[in-house]
Amino acid sequence: MGPVATILLVEDDPSARAALEFALSRLGHSVTARETGELGLEQVRTQRPEIVILDVMLPGIDGVEVCRRIRADDSLPIILLTARSDDIDVVVGLEAGADDYVVKPVEPRVLDARLRAVLRRVERDPGDRSTHGDLVIDRGTMKVRRAGEDVHLTATELRLLLELSRHPGQVLTRQQLLASVWEHDFLGDSRLVDATVQRVRSKIEDVPSRPRFIETVRGFGYRFVAP
Amino acid sequence: MMGLRARLVAAFAAVALLASAITAGIAYWLVRLAMLERVQNAVVNDVRTTLNQTVPTQLPNMMLTADLLQPISTALARQPGRRSWVLGDQPGGWATSGAKFPSHMRIPPKLIAAVRGEGRHDELARPLRGQQIYFQRITYRGVPYLVVGTPVYLPTTSGRTASPIEAYVIASLSRERDDLDRMATSVAVGGGAAVLVALLLALLAARSVLRPVRRLAAAAQGLGAGDLHGRVEVRGRDELARLARIFNSSAEALEASVTELREMERSARRFVADVSHELRTPLTAMTAVTDALEEEATGSAATAANLVAEETRRLRTLIGHLLEISRFDAGAAALVLDDVDVPQLIRQSLRLRDWQEKVETDLAPQLRARVDPRRFDMILANLVGNALKHGEPPVTVRLRRSYVPDGPGIRLRVFDSGPGIPKEIRKHVFDRFYKADAARTRSEGSGLGLAIARANAELHGGELYLLDTDTGTAFELWLPDIPAETA
């Protein structure tokens, strides 16, 4: 079953909240459930969980806003619970920094697999440190430095950058990245990749709209280019 | 079939032509009659007067000679365009006034007979105070002439008596003919002008009739194309205005009922969407706990738990489909496109459902396309699922690059070897909730699968259709190449 995670579940519907709490607890996780965004944010401050599962449709401040506020100063993994996969909320939530999303009603084992994938640590490799111009990617310390300054990446962003930089000059398709970074076994949502690439670019590129490190290869995917 | 304009113009032209022809014809005829009458009277009077003046009251008791007849003839031919002969009946033959008689301009024998009183020729006669003057019109070498003939009468104590002298005068009618010709020409010109004016008027009338007709046609066409707001302007009080009014009121009624129907349909669809949406929350809770229920129930409760779990899964599919279709209905369905290796996508899709052993694949290798992987998977899963459920093995999935006839894209065919779908229900397979077998009250699926599959294909700008086959069932999906955004 693997390691147990401490989860904060923010869901306004009582029965859905209770059922998800029950199902996740049964899978070995330690779950704290909150019913509003405000209470969820307070919980993040007082007792920091390892991962947040966040319903998008919440009374008061909605899930996307909660996500944005958490991301303002924290790289805490976040999974969105959404009603529709093609909702605009998904895109907005991903842009706000969510790591992944699942569509309701979700089967517990699917949710479990997703949150385990998001939580999975990249294996450290003390000897592996690569320099690409002024960008330094250190696999030993899991740190990325840009022009001598630390770049704060979320776990998913770091994994994406590591995956791309491990194959410099090679095009990786979105579906390949979804399999390797998000561990989606099948038919992942390419918007996850696009949104995460955008977020990484905004942190490591001088001009995110004219990227030097992560190139878009139209019709295929993305390619890491060492300048 | 002539157009309305052509028919109107033709009718106007015909009427104008007929009217001017009749009018001109009557006028010409009357004028000609009057003119001839006038000429005849003039000539006849002239002949009579001249004869009265020139014929001596007492004829000599001797042979009538040319010397005697000549002056009379000269007097009769005094007017230009006339020639004259005066004949005297002699025991030894006819004495003439000189010129050879009858001249090269033949005097009709009938007229001569009339003058000599041989037989009755009343139609040529003009009785004048007891004297008979005969005349006839002839045409000689294209020139009309009036021939006048009369016996010469001598005054006696008991009135006038006929003498053995006859006088003939030929008067040319060429001047009159020329006048009539000129008149005919002007009548023809006038008639032509009238026809032209009529044509012009016809065009104007046609325009004034056709403009509202054209407006009506455009509005009716718009109505057919779905523009229910189209109305026509009502002008005047004629039949066309009435037609326009009827059109407008019909369009209004149509718009009202269509609007009502649309509103009903919209609210029905909204209801479905709302209900499905509402159902999802309890379903989320149910889905979250059924696994536990299934795993932990024992004994007879296990059967119940399995049933609940199974039905929850089915409910999830149904509600998922209802929500999917309501997204299409609301126009809210959106493509999430990605560049994918299609054969790989197909293999993954089959493997995920444990179908790779049951399905034969014939996939063009390395075929990349820009599709929404989730929607593509839904289409494929639906087609293959149906083939496995309702058809018979082997079930084959074939993928090809497509160039014609629809344009560049990909073509996916899923076919089985079953009995096929009966011809009469083939056209209904994409209908919502259509059940091939009426007795089957409850199907495995939602009854929306193919409707959603087709909607997904159309969202890609593609098509999904049932091929017309004799055996088995074959569906074909065509998706066009979608160019990458130029972002």
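None of the values given here were measured: they were computed from a predicted structure.

Another point: helix H5 (residues 108-119) of chain A. Here H5(A) spans 16 Å end to end across twelve residues, near enough to the 16 Å set by a 1.5 Å rise per residue. Regarding H5(A), the residues found buried are A:Pro108, A:Leu111, A:Asp112, A:Arg114, A:Leu115 and A:Val118. Projection of H5(A) onto a plane perpendicular to its axis shows the buried side chains occupying an angular sector of 165°, all on one side. Along H5(A), the residues that are exposed and aim more than 90 degrees away from the buried face are A:Arg109 and A:Val110. Buried residues in H5(A) make contact with helix H1 (14-26), strand S3 (51-55), strand S4 (78-82), strand S5 (100-103) and helix H6 (155-166) of chain A together with helix H5 (239-296) of chain B.

What follows is about the interface of chain A and chain B. The interface of chain A with chain B comprises 27 residues on the first partner and 24 residues on the second. Listed by contribution, the elements that provide at least two residues to the side of chain A that touches chain B are H1, helix H7 (174-181) and helix H8 (190-204) of chain A. Residues that form the side of chain A that touches chain B fall into these classes: twelve nonpolar, six polar and nine charged.

A word on unusual backbone geometry. In this structure, the amide linkage connecting A:Lys104 to the following residue, A:Pro105, adopts the cis form with an omega of -5°. Relative to the helices and strands, A:Pro105 is located in the loop between S5 and H5. The omega torsion across B:Pro393 and B:Pro394 is 0°, close enough to zero to call that bond cis. Mapped onto the fold, B:Pro394 is located in the loop between helix H8 (373-390) and strand S10 (395-402). With phi around 60°, A:Met142 is a residue other than glycine that occupies positive phi space. Examined against the element boundaries, A:Met142 turns out to sit in the loop between strand S7 (135-138) and strand S8 (143-146). Although it is not a glycine, A:Ala147 adopts a positive phi angle of roughly 50°. Structurally, A:Ala147 can be placed in the loop between S8 and strand S9 (149-151).

Quick notes on the rules
- Residues numbered from 1 in each chain as written.
- Chains lettered and ligands numbered in written order.
- Predicted model: local features only at pLDDT ≥ 70, side-chain atom pairs only at ≥ 80, totals over all residues.
- Helix = DSSP H or I, 4+ residues; strand = E, 2+ residues; numbered from the N terminus.
- Expected span 1.5 Å × (residues − 1).
- Buried ≥ 20, exposed ≤ 12 C-beta atoms within 10 Å, placed from the backbone.
- Arc of directions from axis to C-beta.
- Contact = placed C-beta atoms within 7 Å.
- Nonpolar A, V, L, I, M, F, W, Y, C, P; charged D, E, K, R; others polar.

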